[in-house]
Amino acid sequence: MFEYKRSLTTLLLVLGCLTVSAQQTEPVAESEFKEPLTAFWINTYGNIRLSDRFFWVAQTHFRFQESARLPLAGQIGQIYNRHAISYLYSKYFRVSLGGVMRFNFNQDEVPEGERRTVPEYRIWHEYLFAQHLSRLMLYHRIRLEHRWTRGFTDTEADDWIFRNRWRYMISMKIPLNKPKLSPGAFYVGPEAELIMQSGKAVVDSPLEDLRLHTSFGYIVNPRLTFATGLMYSMGQDLAKGAYYKQKWTWRVHMYFSPDFRKVKNKLPMIHLTE
Amino acid sequence: MKIAIRIGVLCLLIALDPISLAGQQRDSSTFSGSYTLGEFAGAATYNYQLRRRDTVRQGPFTFRGANARALLTGTDRPFTFTGQYVDDGPVGPWTFEFGMYGLGGPVALRDGYYRVAVDGIRHQATGRLLDGEPDSLWTQTIHRVVASDTAEVLLRSAINFTAGVARQSFRLESGATVLLGRVQRDGVAEDAWTVYTDLETAQQWTFDDGQLLHIVNEPETRGDTVAVLPLLSGKTELVDLDARYLDWLSIQLALQGEERALDGNPVIELLTTNAEAYARTFAAIRALGGEAGRPLFRVRLPVDPLTRREVAQLTSIDADLRAVDTISQALLDNTALSVVQNADPEVAYLRAAVIALRDSLLEPVRTLRNTYEREVLPYVSRPAYLGYLWSGGVEDGEILVTYPDAAGRQSRTFAGPGAGRFAIGEEGLPAVEALTKYVLASVDSIRVALGQKSNTRERRQAVTALEEQLTREYYLLDSLLESHIGVLPEQFGLESVQRLVKAEFQRYAATKDVLEKGEAAQQLIRCVEDLDALALQLIRLPGQLEEVRAAYTDEVWNNFTATVMEEVVKKRLYRAYEDRLIPYYLDRVREGLTCDTAGALQSALESLHRRMLALRTAETDALESRLRKVEKPTEILELLTASEPQ
């Protein structure tokens, strides 16, 4: 618990400094919120058990967004592969380290001279704290990402840039029809995530995204869960900090957690530092 | 959009690929150790593969069993089965060896080992199996063994099979006697079956499409013919050539006045020994997972199915016979009466009457009942058979009883209530039914008469002692029930146990006759003991339910929720136990509990608990998939016990 509090304090300090630095940039007369876009995400989350304490995190997301003709899933936006090795320190804390390879798709009619897709690379590490509060679970997630992105043209302006992302998410899972999260339980999962960014290219737009998401899920068994929910998000335009993008996203999630170890290795169940 | 979804599915398939690879892994291993199949227990060596979680035998297989302790204390039945499996089915050449040995000759101790010789019989069977059924030529050889050496040959049998059915010609041999015969494609007896003794034709059985027409003794010299059946024109039925058929044959010949025609008949002996040899072999093949179970040879019989009325009459005769046996046994076993009859000639007379009624008057009724129970009656002409059993056609209810008294032996006529003449020849089965009822009424009247005579002081003392024991047992049960009723939920049925025990006590209290009271007290003591065991079992049941639940619940870490989740494993099996079997037994406790069912319910609940705990660690994939198709508790229980190692 001590470690968890210390990590949280560090994060808040970092976020505070970033906010202060943002406030020191040239003031603009008035910020502007753009019309919200609509999007549809299908997200699969794999946690493949490798040993008592190690997991292979394998996530694949298909992110669609509106086109001129169709809302929500008019065109593909990104295909996103996130992998990591996760170490389960205790029931209350785990840490993960891995990479992301994402494909960003150019939107609408691709202008001449622009690419259809460009890749994006990240190294990421995550620190997840879980708290048991009566019948519900409360989670604090700190995720740090080191990110290389580029634009769709071959011009100098669209060349590779490097940024850091500083993410903090607080979320809950509240069982509805069972006393605790268990097979057969429906649950509600409210989440709020603040994503800040830094880097040479980040001049007046440290607030990359603020995501408010609530999902409604069903636990089929300890190895399979489905959920769906609606997310509102908003964040500053990288080039012009005064502009705020907004988005409404319908998200569908599948969580799978297979354990291919031989039966004898699964038993006895380790309850991890109770 | 469609393209995007296809890309998504492709990515997902790539991501899930390790799952399919892991699912295809198969282990091939060798088992060597203790092994049990049905009634056979011993040690086996075989190869197997694990598919999903089922053990699939594959390749050479050897299974042997011998029990030295059984040999030393009486008889051992060792066995050796050798052959091979493909996909868990026995196929190809197989060899079966069975023994039945007792100690024979002297025992010697050499180099620290005891050496004993055995006497008995050795039975070897060899042949090929196809799809688990006998196929091609099968041979059976039975030797008598004396001092561990094979002596004479009791049977040599060679029969051709196709897909489990006997075909073409066969040969059965014992000593100097050889039986050659043939069957049609479907195993139906055909043409002449000839017995040779020392190469001379000794007997010939002639079949026509399964129907035995006649038996000719020494056809080459005497030509003594026994006609069995004329060519049948009415309704016929194909039946197995088994012990039942041979029963029928002896009745049929007896009806024709040829009662002794089958005495020492070599065909009967050969067929019987051969049928026993195949029964043993087929039982082993079935235990190994094969299908063998079809009859060897089949024959045709005239059939006149029993009418509903006849079945009702025969059922009533059977019930009355049982009642007569119960009452007469109680009267004859009663030691107090044995003492009294020395001093009281009336008691001696009545007991002798019981014996006479039971043995002489009912003798033919018993024969009739046995013929019915062995399912031979539909193939026999009833009027002719009754005429054979009661040759005069009439039975007199009055019988002459001879009994001992102080002066020597006396004779008196006994006539029970409603004594008369029973015209069986004219009236048939109804008259037999009336005769049986008359005997029952007579024996019951004797019971009442003897009961009044035995209300002696000794009897009363014996009953008082039993009642004291009964009171103690009842007090224990009652205090057990009182301390748990209201605590244990009503569904567990302790109230039913209490209701039953009270009702049984009231019934007992209403019994006045001392003779009956003694018997009733003993029955009630047994009942109270059974109910006590059942009540204890019911009190233990919540704990056992929890034990099974805990055994069938795994704690699984869910990395997404960061919680440990309880998950029921072998769900279908556990649900069958919790939702079907336990309610089924508790229903039986709450409704219709009797003294006769209490003991069985207690042991059923106890063994179900043990079975469930054993199944938790056993391979149950096949059992669970079979459970999917059954709903009825009785069928579920059959599946659970069928998979139980014997």
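Residues numbered from 1 in each chain as written. Chains lettered and ligands numbered in written order. Predicted model: local features only at pLDDT ≥ 70, side-chain atom pairs only at ≥ 80, totals over all residues.

On to the overall build of chain A. Helix and strand counts for chain A come out as two helices and 12 strands. Within the span of chain A, comprising 274 residues, buried residues form 21% of the whole. Look at the contacts in chain A between residues 6 or more apart in sequence, and 53% of them connect residues 24 or more apart. (Helix = DSSP H or I, 4+ residues; strand = E, 2+ residues; numbered from the N terminus. Buried ≥ 20, exposed ≤ 12 C-beta atoms within 10 Å, placed from the backbone. Contact = placed C-beta atoms within 7 Å.)

Moving on, we get to the overall build of chain B. Looking only at helices and strands, chain B features 18 helices and 23 strands. Within chain B, the fraction of its 646 residues that count as buried is 29%. Sequence-distant contacts, at least 24 apart, represent 58% of the contacts inside chain B between residues at least 6 apart.

The next point concerns helix H7 (residues 345-361) of chain B. Its 17 residues give H7 of chain B an end-to-end C-alpha distance of 22 Å, which sits within 8% of 24 Å, the value for a rise of 1.5 Å per residue. Looking only at H7 of chain B, the buried set comprises Val-347, Ala-348, Tyr-349, Leu-350, Arg-351, Ala-352, Ala-353, Val-354, Leu-357, Arg-358 and Leu-361 of chain B. (Expected span 1.5 Å × (residues − 1).)

Our focus in this paragraph is the nonpolar core. Residue and element names in this part refer to chain B. If you look at the biggest cluster of nonpolar residues, it comprises 92 residues, and the most contacted ones within it are Ala-166, Trp-248, Val-299, Ala-353, Val-432, Leu-435 and Val-439. Top contributing element to this core by residue count: helix H11 (residues 429-453), with 11 residues. Two domains each donate at least three residues to this core, and these are domain 1 (27-301) and domain 2 (308-454). The residues contacting Ala-166, other than those within four sequence positions of it, are Ile-159, Asn-160, Phe-161, Val-183, Gly-187, Leu-296 and Phe-297. (Core = buried A, V, L, I, M, F, W, Y, C linked by C-beta atoms within 7 Å. Domains from an automatic or database assignment.)

All right, on to the packing of helix H13 (residues 494-509) of chain B against helix H14 (residues 514-551) of chain B then. All names here are of chain B. Where H13 meets H14, the closest approach of the two axes is 10 Å, and the angle between their N-to-C directions is 170 degrees. The pairing of H13 with H14 is recorded here as roughly antiparallel in orientation. The residues of H14 that touch H13, namely those facing Leu-494, Val-497, Leu-500, Val-501, Glu-504 and Tyr-508, are Ala-520, Ala-521, Leu-524, Cys-527, Val-528, Leu-531, Leu-534, Ala-535 and Leu-538. In the contact of H13 with H14, the residues fall into 14 nonpolar, no polar and one charged. (Axes fitted to C-alpha atoms, helices over the stretch in contact; angles between N-to-C directions. Parallel < 35°, antiparallel > 145°, perpendicular 65-115°, else oblique. Nonpolar A, V, L, I, M, F, W, Y, C, P; charged D, E, K, R; others polar.)

A word on the packing of H14 of chain B against helix H16 (residues 595-617) of chain B. All names here are of chain B. Packing of H14 against H16 leaves a shortest axis separation of 9 Å and a crossing angle of 20 degrees. By the angle between their axes, H14 is roughly parallel relative to H16. The hand of the H14/H16 crossing is left-handed. Contacts between H14 and H16 involve Cys-527, Asp-530, Leu-531, Ala-533, Leu-534, Gln-537, Leu-541, Gln-544, Val-548 and Ala-551 from the first element and Cys-595, Ala-598, Gly-599, Leu-601, Gln-602, Leu-605, Glu-606, His-609, Met-612, Leu-613 and Arg-616 from the second. Here the residues of the contact of H14 with H16 sort into 13 nonpolar, five polar and three charged. (Left-handed = near helix turned anticlockwise from the far one by under 90°.)

This brings us to the confidence of the model for chain A. All names here are of chain A. The predicted model of chain A averages 86 in pLDDT, with 85% of residues at 70 or higher. For the stretch residues 15-24, pLDDT sits under 50, and the model shows eight contacts to residues farther than four places along the chain or on other chains. Predicted confidence for residues 267-274 stays below pLDDT 50, and this span has eight contacts to residues more than four positions away or in other chains. (pLDDT = per-residue confidence, 0-100.)

As a further point, take the confidence of the model for chain B. All names here are of chain B. Chain-level statistics for chain B give a pLDDT mean of 84 and a share of 92% at 70 or above. Segment residues 1-25 is flagged for pLDDT under 50; beyond a separation of four residues in sequence, or across chains, it makes 15 contacts in the model. Interface predicted TM-score (ipTM) for the complex: 0.82; the corresponding pTM is 0.51.

Spanning 38 residues, H14 of chain B covers 53 Å between terminal C-alpha atoms, matching the ideal 56 Å at 1.5 Å per step. Along H14 of chain B, the helix axis deviates most sharply at Leu-541 of chain B, where the bend reaches about 45 degrees; the proline Pro-542 of chain B sits within four residues downstream. (Bend = angle between axes of the 7 residues up to and from the residue.)

Moving on, we come to unusual backbone geometry. Residues and elements named next belong to chain B. Of note, Ser-136 is a non-glycine position whose phi angle comes to about 70 degrees, a positive value. Turning to its location among the elements, Ser-136 is positioned in strand E8 (residues 133-146). A positive phi angle, close to 45 degrees, is found at Asp-209, a residue other than glycine. The topology assignment puts Asp-209 in the loop between strand E13 (200-208) and strand E14 (211-217). With 14 C-beta atoms packed within 10 Å, Asp-209 lands in the partly exposed category.

All names here are of chain B. The sheet contact formed by strand E22 (residues 553-558) and strand E23 (residues 563-568) spans six bridges and is antiparallel. Residue pairing for E23: Glu-555 is matched across the bridge by Glu-566. Taken together, E22 and the strand that follows it, E23, pair antiparallel across an intervening segment of four residues, in which Ala-562 is found at a positive phi of about 60 degrees. (Pairing = 2+ DSSP bridges.)

On to the environment of Arg-616 of chain B. Residues and elements named next belong to chain B. Mapped onto the secondary structure, Arg-616 falls in helix H16. The exposure class of Arg-616 is partly exposed, given the 15 C-beta atoms found within 10 Å. In this structure, the C-alpha to C-alpha distance between Arg-616 and Ala-551, residues 65 residues apart in sequence, is 6.9 Å.

Our focus in this paragraph is the environment of Ile-399 of chain B. Residues and elements named next belong to chain B. In this structure, Ile-399 sits in strand E19 (residues 399-405). Considered as a pair, Ile-399 and Arg-412 are 13 residues apart in the sequence and their alpha carbons are 8.3 Å apart. When neighbours within four sequence positions are excluded, Ile-399 is seen to be in contact with Ala-356, Leu-357, Ser-360, Leu-361 and Phe-414.

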